[in-house]
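# An overview of the molecular structure
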Amino acid sequence: MSLPKGLAEEVSKNLVMVARLIDDEPEQAYAYARIALRLASRVAAVREAAGFAAYATQKYSEALAEFRAAKRMTGSVELWPVMADCERGLGRPERALAMAGEPEVQKLDKAGQVEMRLVAAGARRDQGQLEAAIVTLQSPELASSSVQPWTARLRYAYADALLAAGREDEAREWFGKTLEADKDGATDASDRLAEIDGVEFVDAAVEHGDADGDVDVDTDAEDDADVEDDLDDDEDDEDDEQDAAEVAAAERATDVAEYYDEDDDEYEPLEQSAAGDDERETGRDKA
């Protein structure tokens, strides 16, 4: 609402692309996020989206800077757990643990507090403190029989920590409980259970072929499959070219007007000159 209509539409289009691509094509999502950031760095939602795009591509320093900026703009603490996880990504688990003890954690909703507990347990494991990680995860939320959005991930983390500590029987039990809560298959708990039980999955093609794993396949069917694969590859190439063209077009649009938060320590303002795209990109990406 704080942006001119045309600019607001351009920014929103880029944010939509970030949301669509961040899970499967994080690098593309990051490119769109950078465009939105150059267009509207004073908008908290843009800073947050840029943070998550950087986080998805493991650019933890940049992600942390964006999350801090968004927190300053909104005053909200909801990004506290992911900020702590960025500290872990930067190899600073002690800072993540320190954040887990800050007053901000008490202001988080239940989901945020569970997320903070997961981050703290991960930080303990980073420091080689497996038993401490197990204790950190032990909580009323873990013991509860009700299934919440965070239940599967919490149980999985607990089972994984138990297994790392050599407590295989308990780990098996909790991987089983994870499966009960994981209706969407968000975790690989079933594979972990199979691994514990020594179950091996055999490739059906190898099992029904000869000793070398060769399988007789109808040549015509094989040719048809090759044609279909070629068509799929062509479609994928076209999609990639379209995505690249959209990014390039949006990049060109940003050359007309670029917006920076002069009060934000994380970024330096651009100098309007004819030095070329490379120099402008260097000024933009300092974080």
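Keep in mind that this is a model prediction, so the values were computed, not measured. (Residues numbered from 1 in each chain as written. Predicted model: local features only at pLDDT ≥ 70, side-chain atom pairs only at ≥ 80, totals over all residues. Heavy atoms only, no water.)

### Let's talk about the overall build of the protein chain
Quick reminder of the rule: Helix numbers and strand numbers start at the N terminus; a helix is a DSSP run of H or I with at least 4 residues, a strand a run of E with at least 2. Three exposure classes are used, based on accessible area relative to the maximum for each residue type with a 1.4 Å probe and protein chains only: buried under 20%, partly exposed in between, and exposed over 50%. Surface accessibility follows the Shrake-Rupley procedure with a 1.4 Å probe radius. Residue values consider only the protein chains on display as shielding.
If you tally the helices and strands in the protein chain, you get 15 helices and 0 strands. Going through the 287 residues of the protein chain one by one, you find that 37% of them count as buried. Total accessible area on the protein chain stands at roughly 16700 Å², and carbon and sulfur atoms take up 46% of it.

### Here we look at the packing of aromatic side chains
To be explicit about the condition: Only the six-membered ring of Trp is used, alongside the rings of Phe and Tyr, when aromatic pairs are assigned; centres must lie within 6.5 Å, and planes under 30 degrees apart are stacked while those over 60 apart are edge-to-face, with the rest tilted.
Scanning all chains against the criterion turns up 4 aromatic pairs. Seen in terms of ring centroids, Tyr55 and Tyr60 are 5.8 Å apart; in terms of plane orientation they differ by 75°. Their pairing is edge-to-face. Accessibility expressed as a relative area gives 25% for Tyr55, which makes it partly exposed. Ring geometry for Tyr158 versus Trp174: centroids 5.1 Å apart, planes at 90°, classification edge-to-face. Taken together, the residues Tyr158 in helix α10 (residues 151-164) and Trp174 in helix α11 (residues 168-181) connect sequence positions 16 residues apart. With respect to burial, Tyr158 and Trp174 carry one shared label: buried.

### Describing unusual backbone geometry
Most peptide bonds take the trans form, and the phi angle of most residues other than glycine is negative. A positive phi angle, near 65°, is found at Gln58, a position not held by glycine. Mapped onto the elements, Gln58 comes out in the loop between α3 (44-56) and α4 (60-74).

### Considering the layout of surface pockets
A water-sized probe, rolled over the atoms, reveals where empty space remains. Keep this limit in mind: Within this scheme a cavity is a closed region of a 1 Å grid, computed over the protein atoms alone, that accommodates a 1.4 Å probe without allowing it to escape, whereas a pocket is open but has protein on both sides within 12 Å along at least five of seven lines; lining residues each have an atom within 4 Å of a point. Grid points are joined across faces, edges and corners, and a volume is the space filled by probe spheres set on the points. Under the grouping applied here, Gly and all other residues not named as nonpolar or charged are polar, the nonpolar ones being Ala, Val, Leu, Ile, Met, Phe, Trp, Tyr, Cys and Pro and the charged ones Asp, Glu, Lys and Arg.
Space inside the largest pocket adds up to approximately 510 Å³. Forming the walls of the largest pocket are 25 residues, and the residues nearest its centre are Asp85, Glu115, Leu118, Val119 and Arg153. Of all the elements, helix α7 (residues 110-126) adds the most residues to the lining of the largest pocket, at 7 residues. Of the residues that constitute the lining of the largest pocket, the class distribution is 14 nonpolar, 2 polar and 9 charged. The calculated volume of the second largest pocket comes to roughly 180 Å³. In terms of lining residues, the second largest pocket is bounded by Ala100, Val105, Gln106, Lys110, Gln113, Val114, Met116, Arg117, Ala120, Thr136 and Glu141.

### Observations regarding the pattern of salt bridges
The line we're drawing: Salt bridge criterion: a side-chain nitrogen from Lys or Arg within 4 Å of a carboxyl oxygen from Asp or Glu.
The tally for this structure, following the rule as stated, stands at 15 salt bridges. A salt bridge links Asp85 to Arg88; the shortest N-O distance between them is 3.1 Å. Highlighted residues: Asp85 and Arg88, both in helix α5 (residues 80-89), separated by 3 residues, approximately one helical turn. Residue class for Asp85 comes out buried when judged on its relative accessible area of 17%. Residue class for Arg88 comes out partly exposed when judged on its relative accessible area of 25%. Asp160 serves as the salt-bridge partner of Arg125, at 2.8 Å between the closest nitrogen and oxygen. Linking Arg125 in helix α7 with Asp160 in helix α10, this pair joins segments that are 35 residues apart in sequence. With relative accessibility at 31%, the residue Arg125 sits in the partly exposed group. What emerges from the salt-bridge pattern is a single network uniting Arg68, Glu87 and Arg92.

### Thoughts on the nonpolar core
In a soluble, globular protein the nonpolar side chains are often hidden away together inside. This is how it is decided: Buried Ala, Val, Leu, Ile, Met, Phe, Trp, Tyr and Cys residues that are joined via side-chain atoms within 4.5 Å together make up what is termed a nonpolar core. In this description, contact between two residues means that some pair of their heavy atoms is separated by no more than 4.5 Å.
Of all hydrophobic cores here, the largest spans 38 residues; its most connected members are Val11, Phe67, Trp80, Met83 and Met116. Those elements that place two or more of their residues in this core are α1 (5-21), α2 (26-39), α3, α4, α5, α6 (93-100) and α7. Looking at which element gives the most residues to this core, the answer is α2, with 8 residues. In this view, Met83 contacts Leu64, Phe67, Arg68, Lys71 and Met99; residues no more than four positions away in its chain are not counted. One finds Trp150, Ala171, Leu193 and Ile196 within the second-largest nonpolar core, a separate group that totals 20 residues.

### Description of the environment of Thr151
As for its position among the elements, Thr151 is in helix α10. Remark: the alpha-carbon pair of Thr151 and Thr178, spanning 27 residues in sequence, is separated by 7.7 Å. Leave out the neighbours within four places in its chain, and Thr151 touches Ser146 and Ala181.

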